[in-house]
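# Residue-level structural notes
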2 protein chains.
Amino acid sequence: MLKPLQLHHSDRGSGAQQDKNGGGSKGGENGKGKFEHRKDQPPAYAPVSSRYDKNLQFALWYPAILQDAKLIDTKYPAKGFFTHMPWSVRAMKRMYSLYEAELERTGHEPAWFPAVMPESLLKKEAEHLEGFNPQVFWITQIGSSTLPKGERLALRPTSETIMYTVYSNWINGLADLPLKIYQSCQVWRAEDETKAFIRGREFYWIEAHDVFATMKEAEQQVMADIAMSEKVIHGQFGIPMLFVKRPAWDTFPGAEYTYAADTLLPDGKALQLPSTHLLGQKFSTKFDIKFTNSDGKEEYAYQTCYGPSIWRIFGALVAVHADERGLRFPFEVAPQQVVIIPIKAKTAEDDARVAQKCNELKEQLEKAGIRAIIDDSDKKPGFKYNHWELMGVPVRIELGAREAAGGNVTLVSRTEPGKITVSEDKLEAAIRDMGKRLNETLTAEADKTFNDSFITCMTIEEMRENKAHRGFFRIPYCSIANDGGECFDRLKQEFEVAVRGTKVGEDEKPPEGCMCVGGCGREAGMMVYAAKRY
Amino acid sequence: MLKPLQLHHSDRGSGAQQDKNGGGSKGGENGKGKFEHRKDQPPAYAPVSSRYDKNLQFALWYPAILQDAKLIDTKYPAKGFFTHMPWSVRAMKRMYSLYEAELERTGHEPAWFPAVMPESLLKKEAEHLEGFNPQVFWITQIGSSTLPKGERLALRPTSETIMYTVYSNWINGLADLPLKIYQSCQVWRAEDETKAFIRGREFYWIEAHDVFATMKEAEQQVMADIAMSEKVIHGQFGIPMLFVKRPAWDTFPGAEYTYAADTLLPDGKALQLPSTHLLGQKFSTKFDIKFTNSDGKEEYAYQTCYGPSIWRIFGALVAVHADERGLRFPFEVAPQQVVIIPIKAKTAEDDARVAQKCNELKEQLEKAGIRAIIDDSDKKPGFKYNHWELMGVPVRIELGAREAAGGNVTLVSRTEPGKITVSEDKLEAAIRDMGKRLNETLTAEADKTFNDSFITCMTIEEMRENKAHRGFFRIPYCSIANDGGECFDRLKQEFEVAVRGTKVGEDEKPPEGCMCVGGCGREAGMMVYAAKRY
């Protein structure tokens, strides 16, 4: 285990404080041998996230990096409500934008629905009400007037009942279908335990609510949602996931069934990322969403809903991709993609040339659609290098008198050793290539960690031998219908793991005669995945 | 006055219904002579917004165009909460994006603050509380538990008290200043009278909250906010405004003073667009936002806040720019910039070529960053032309067998008569030029209408002679401090106009000896602007 460094990144501004204890250990002096200080780096500039080991001290590391990189402020005087600081907001805006582009490419249109619903709407679907009611924030007063019971307003914990009330007016005939709408918004749920970017009373997500004329199309949409999740979250954000069909007891309140994706955080616990739900006709019958079908008869429509939480995906992105030096953002997500660092020259004249060149390059990059900043603060270059590595900027340009004279530019990647010199006219292409390689590196490293986290245990004894395993247990199991609930409880009790469900797209069967590991004494009908979870 | 046509644009889908009464009047047959049907346009396709005259029947025209162009659904069962449909959301997202780019260009950073505040925060600034409390939505219950009085949560009606609570932790020294933060979000106010995109219980805005080390910088920021409003709202959205210093009784609760911009809707009533407020030290003293100044002493910081409502600006944009055929969007704001309409050819082979060419052009335009759609529905071309003119798409491409054969493309602008033929390789440039001219036309027409709406009346008799004037009265007035309030009431009583304030940037003085028109019997010290208002 690492001892925390005595070095602290400043709480504000971009300055690191000098070590108050007069020096002390360096981030590189840890037992893991993964991280080495560069020679040009004085001790006081040691990367702050190396105070803790991400994998072994995740509970300490995670809040520390959120604070060091100024991603979130958790000190607000209302429980579970956070302030999202510019660096994380810039990244989440990019993530929203990439996700929305894919939703629109696949036929979804954006809309904005009300943030509140009258109580009567929430009550229309009984299971849904029961599932969400304990977490609902209720508005009961306006100014100094009290709303009559029955007219009080719920702050949306999710938008099914809001959107489907409106949909019932929009949908009449086959010409109105399919209807595919998404909204990017906040939802509010009074969670008891909150954790920044993982569980909050206010969080930022996208919800897509689609309506079809046939069950088959709805089922296809659920599969399309899974494919979209894979394309965006894994393909663009580099976060690996396991998509499973959730057990009956974990199905969305009001849905026929639920598929959900789990990723793993560095502590080996599963974190649910998006889920997609086949609602079938469960809501359409309650909210009167019907159409005249081709036989001229009225038919209730078939629905799906899909909810990727940008907020939580951001938390996973931070946790999965960071290394000992700090954040690492995929190129398209990075709040800034390039930081230009002027290197002090020998003459004031040369300094002016350097400054001018910095501005020219920044402008050139921005014209090419690359987000770039100049760090012309008074800090030393070594400090700046570490700071922007901590902040996860993919590419650094070091610009001194030689570069200012024109011709070549020096590039450093967040994920590659050494420097690269490219001619100015090839700058954009070189940066995009570097970004591409960075994405590949992040994805490959994350995939390897993820894929190494699966273990198959065919008996309870095998599970006991591997009790310390951090990640997924693949185990023979009786049933993910409600009759499998007691085995769920027993495994939870003994191993603290939760059965997450069966793998989507594969019908994984245990060998004949294999028993359920949950202790029910029944033969196992399926392989399921279990893990500790958030 | 026009009689409403018996023609109705369909409530859903893009189809217009056939006239149920078997024909009837055409939109062009009105007494104003402004609008003439094109020859290729059958009666049933008459532009629906021509049912009403925008200027003479605004109260009928405005909700009709919102419905016809599918911008908003107002039928939700919670008063003052609306559903924003894809076409308006796409435009408002563009408007957000353009505004945010300008805020960031001028040094603002994005952040997301909580949507709720504990009661204690709202109570910290007494005037602010008094101003907003009657409109506050209060959360008093979570699930089935009741929050103790004093812990209840207000849904933000504006974010001063939320953000400044957080700012007090972020600001300590000169190095932390200036702090310039904006957030794009919704706010909620329990308005009694609501009107789509003009006044709602939920609306979409940007709020920028800046903190400085000196009063001078804060004052400069207020002027910079005015310049930014002019640049974006007038320069990019084409909406003219008059910026005034608001009278004391219209100053933001808790501010030193308020500047606000009024535009005019076609009914001649003023609508407030953004306002910017000099808060000075009024909030910093209550929220303990202080810094150590260069003399080593603690000093309370100087603040400004600025609130452009994208939602309301969108309403103004619809109202100001629309013509008899429907919406007209500035090129950069348009949800889609180009609609490609395939024209049926004589052979199936040619039809296939046309379809293929449509796809090629769409792809070519999208690569160039131009938003384009193909309308390949079964409707007739004339119907489609009218539909997309109603929807305000700036450029139409008509694509038949001749164009599919390659070489040239036929373009039609939303604001120019006739067609233009351009060679394919000049397509992007021709469209951008067309967009530029369209913007110039929209702005010039809006400016002319706006500038023609000012009348100067030096006496109450002159005002009486011009009582029917629709627009701004420029009048000599006693005082916009609190002692001018009685004259405000008298003018409101007699003319239904509200004194809006004194023009920013000009010290407009009436001639010596000129009396206040408000009836106080005092000499006028200033020229003010008055108008009917929303």
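Residues numbered from 1 in each chain as written. Chains lettered and ligands numbered in written order. Predicted model: local features only at pLDDT ≥ 70, side-chain atom pairs only at ≥ 80, totals over all residues. Heavy atoms only, no water.

All names here are of chain B. Where helix H1 (residues 58-68) meets helix H8 (residues 310-321), the axes come as close as 11 Å, and the angle between the chain directions of the two elements is 110 degrees. Our classification of the angle between H1 and H8 gives roughly perpendicular. The element H1 and its partner H8 pack so that their crossing is right-handed. On the side of H1, the interface is formed by Phe58, Trp61, Tyr62, Ile65 and Leu66, while H8 contributes Gly315, Val318 and Ala319. (Axes fitted to C-alpha atoms, helices over the stretch in contact; angles between N-to-C directions. Helix = DSSP H or I, 4+ residues; strand = E, 2+ residues; numbered from the N terminus. Parallel < 35°, antiparallel > 145°, perpendicular 65-115°, else oblique. Left-handed = near helix turned anticlockwise from the far one by under 90°. Contact = heavy atoms within 4.5 Å.)

Below, the discussion takes up the relation of the copies chain A and chain B. Mapping between the two copies of the chain is achieved by a rotation about an axis and a shift along the axis. By a simple turn and slide, chain A fits onto chain B: the slide is 0.0 Å along the axis, the RMSD is 0.0 Å, and the turn is 180 degrees. In the structure described here, the two chain copies are related by an operation that fits a two-fold rotation axis. Proximity to the rotation axis, assessed at the C-alpha, singles out A:Ile139 in chain A; its C-alpha lies 2.1 Å from the axis. A symmetric contact is evident, with 100% of the interface residues of chain A recurring at the interface of chain B. (Least-squares fit on C-alpha atoms with pLDDT ≥ 70 in both.)

Before going further, it helps to spend a moment on unusual backbone geometry. Omega for the bond connecting A:Leu177 with A:Pro178 falls within 30 degrees of zero, at -10 degrees, which places this linkage in the cis form. As for its position among the elements, A:Pro178 is in the loop between helix H5 (160-170) and strand S8 (179-188). For B:Lys70, which is not glycine, the phi dihedral falls at a positive 55 degrees. Here B:Lys70 is to be found in the loop between H1 and strand S1 (72-73). A positive phi angle, near 60 degrees, is found at B:Glu496, a position not held by glycine. The residue B:Glu496 is located in the loop between helix H14 (485-495) and strand S23 (498-503) in this model. Its relative accessible area of 54% is what places B:Glu496 among the exposed residues. (Buried < 20%, exposed > 50% of the residue type's maximum accessible area, 1.4 Å probe, protein only.)

Any pair of aromatic rings gets described here by the distance separating the centres and the angle formed by the planes. Residues and elements named next belong to chain A. Applying the stated criterion to the full structure yields 56 aromatic pairs over all chains. Aromatic pair Trp249 and Phe488: ring centres 5.4 Å apart, planes at 65 degrees, arrangement edge-to-face. One end of the pair, Trp249, is in the loop between strand S10 (242-245) and strand S11 (257-264); the other, Phe488, is in helix H14 (residues 485-495), with 239 residues separating them in the sequence. Overall, Trp249 belongs to the partly exposed group, its relative accessible area being 25%. (Phe/Tyr/Trp six-rings, centres within 6.5 Å; stacked < 30°, edge-to-face > 60°.)

Moving on, we get to the sheet that holds strand S17 (residues 372-374) of chain A. Residue and element names in this part refer to chain A. Here five strands make up an open sheet; going across it, the order is S17-S16-S18-S19-S20 and the pairing mixed. Unpaired on one side and paired on the other, S17 and strand S20 (420-423) mark the two borders of the sheet. Sheet twist, expressed as the mean angle between neighbouring strand axes with direction ignored, is 30 degrees. In the sheet, strand S19 (residues 408-413) pairs with S20 via four bridges, with the strands oriented antiparallel. Looking at S20, one finds that Thr410 is bridged to Thr421. The strands touched by helix H9 (residues 348-367) are strand S16 (338-342), S17, strand S18 (395-399) and S19; relative to S17, the strand with the most contacts, the crossing angle is about 165 degrees. Its contacts with the sheet place helix H10 (residues 381-390) against S16, S17 and S18, and it is angled at close to 170 degrees to S16. (Pairing = 2+ DSSP bridges.)

A word on the interface of chain A and chain B. Contact residues are listed per partner, giving 62 residues for chain A and 62 residues for chain B. Note on chain A versus chain B: buried area summed over both sides is about 5,100 Å², and carbon and sulfur give 59% of it. One salt bridge connects A:Glu104 with B:Arg90, and the closest N-O pair in it is separated by 3.4 Å. The interface formed by chain A and chain B includes 27 residue pairs in polar contact (both at pLDDT 80 or more). Broken down by element, the residue count for the side of chain A that touches chain B peaks at eight residues, all from helix H2 (residues 86-105) of chain A. (Buried area = accessible area lost by both parts, 1.4 Å probe. Salt bridge = Lys/Arg side-chain N within 4 Å of Asp/Glu carboxyl O. Polar contact = N/O pair within 3.5 Å; in protein donor to acceptor, adjacent residues only side chain to side chain.)

For the rest of this paragraph, the subject is H5(A). When you tally the buried positions in H5(A), you get nine out of eleven residues, the bulk of the element. Every buried residue belonging to H5(A) is among A:Glu160, A:Thr161, A:Ile162, A:Met163, A:Tyr164, A:Thr165, A:Val166, A:Tyr167 and A:Trp170, and all of these are buried.

Moving on, we come to the side chain of B:Arg328. All names here are of chain B. Relative to the helices and strands, Arg328 resides in the loop between H8 and strand S16 (338-342). A distance of 2.6 Å separates the side chain of Arg328 from the side chain of Glu445, its partner in a polar contact. Apart from the residues within four sequence positions on either side, Arg328 is in contact with Leu317, His321, Ala322, Asp323, Gly392, Arg414, Thr415, Leu442 and Glu445.

Attention now goes to the confidence of the model for chain A. Residue and element names in this part refer to chain A. Summarising the model, chain A shows a mean pLDDT of 90, and 91% of its residues fall at 70 or more. Scored below 50 in pLDDT, residues 1-46 shows 94 contacts in the model against residues more than four places distant or in partner chains. The ipTM assigned to the predicted complex is 0.91, against a pTM of 0.91. (pLDDT = per-residue confidence, 0-100.)

Packing of H2(A) against helix H2 (residues 86-105) of chain B leaves a shortest axis separation of 15 Å and a crossing angle of 155 degrees. Judged by the inter-axis angle, H2(A) sits roughly antiparallel to H2(B). Helix-helix and strand crossings are classified by hand; for H2(A) and H2(B) the assignment is left-handed. Where H2(A) approaches H2(B), its residues A:Arg90, A:Lys93, A:Glu100 and A:Glu104 are matched on the opposing element by B:Arg90, B:Lys93, B:Glu100 and B:Glu104. Residues of the contact of H2(A) with H2(B), tallied by class, amount to no nonpolar, no polar and eight charged. (Nonpolar A, V, L, I, M, F, W, Y, C, P; charged D, E, K, R; others polar.)

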